[in-house]
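Residue strings, one per chain:
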Amino acid sequence: MTLNELYKDLDYVNHSREKRAYYAQLIVDNPDAMRHVLEILFMVDDPRSNRAGWLAEFATKMDITIILPHLDYFTTHMHTVYQDSALRPVAKICEYLTISYYKEKHPETRKMLLSNHKNHITECGFDWLITDQKVAVKAYTMFTLYYLGTEIDWIHPELQRIMEDGYHTGSAAFKARCRHVNKWIKKFNKLQS
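Residues numbered from 1 in each chain as written. Predicted model: local features only at pLDDT ≥ 70, side-chain atom pairs only at ≥ 80, totals over all residues. Heavy atoms only, no water.

### A look at the nonpolar core
Right, so step 1: If you look at the biggest cluster of nonpolar residues, it comprises 64 residues, and the most contacted ones within it are Leu38, Ile67, Phe74, Met78, Leu97, Trp128 and Leu159.
Right, so step 2: The element that contributes the greatest number of residues to this core is helix H6 (residues 84-103), accounting for eleven residues.
Right, so step 3: With near-sequence residues (within four places) excluded, Leu97 lies in contact with Ile64, Ile67, Leu68, Leu71, Phe74, Thr109, Leu113 and Ile121. (Core = buried A, V, L, I, M, F, W, Y, C linked by side-chain atoms within 4.5 Å. Buried < 20%, exposed > 50% of the residue type's maximum accessible area, 1.4 Å probe, protein only. Helix = DSSP H or I, 4+ residues; strand = E, 2+ residues; numbered from the N terminus. Contact = heavy atoms within 4.5 Å.)

See the structure below:
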């Protein structure tokens, strides 16, 4: 699948789960196409950027290994995404990566998700938390930063401070995620003592 073919096919991808799953399976079946998906995702002013984000998220959920060869490209460009409908899948992919690495201990993820990738994800995550983003982006990012904070010791205190600062003005969903992540952090800290 060429970049041009994929770009044209994105006209047929809509927000329905069926369409996203169908096209994501095509990407999983043709792993080299993931690079093209990411290239279109990072055409941040293009209307197809968000559709490429949906495919990247679905394909990564189906098979985490599909994103691993592209971590350098993904993590060094993710900060450029700003449209809500494209940013949400980027934040979700970051969450998938950290769950795979820290919770599931997936061998290939543990081999390929390097400290420079984690640093890019951490930096973007904190940027997303302190800027005006939709609650879904912030919610996924809180989980991502929680997992990263199990390895990088300064993350949890900073994450807790940001959650506390935004708690009183946050939505019900934001508050619920804050409570959940705080419980995880307390439990983690207890286990470390």
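Okay, back to it.
### Description of the packing of H6 against helix H8 (residues 115-130)
Right, so step 1: At a minimum axis distance of 11 Å, the contact between H6 and H8 shows a crossing angle of 135°. In terms of orientation, H6 and H8 fall into the oblique class. In the packing of H6 onto H8, the handedness of the crossing is left-handed. Mapping the contact onto sequence places Leu87, Val90, Ala91, Cys94, Leu97, Tyr101 and Tyr102 in H6 and Lys118, Ile121 and Trp128 in H8.
Right, so step 2: By residue class, the composition of the contact of H6 with H8 is nine nonpolar, no polar and one charged. (Axes fitted to C-alpha atoms, helices over the stretch in contact; angles between N-to-C directions. Parallel < 35°, antiparallel > 145°, perpendicular 65-115°, else oblique. Left-handed = near helix turned anticlockwise from the far one by under 90°. Nonpolar A, V, L, I, M, F, W, Y, C, P; charged D, E, K, R; others polar.)

### Things to note about the environment of Ala139
Right, so step 1: Structurally, the position occupied by Ala139 is in helix H9 (residues 135-149).
Right, so step 2: As for Ala139 and Lys92, which are separated by 47 residues in sequence, their C-alpha atoms are 9.3 Å apart.

### Details of the environment of Ala173
Right, so step 1: In this structure, Ala173 sits in helix H11 (residues 172-192).
Right, so step 2: Residue Ala173 is classed as partly exposed on the basis of its relative accessible area of 45%.

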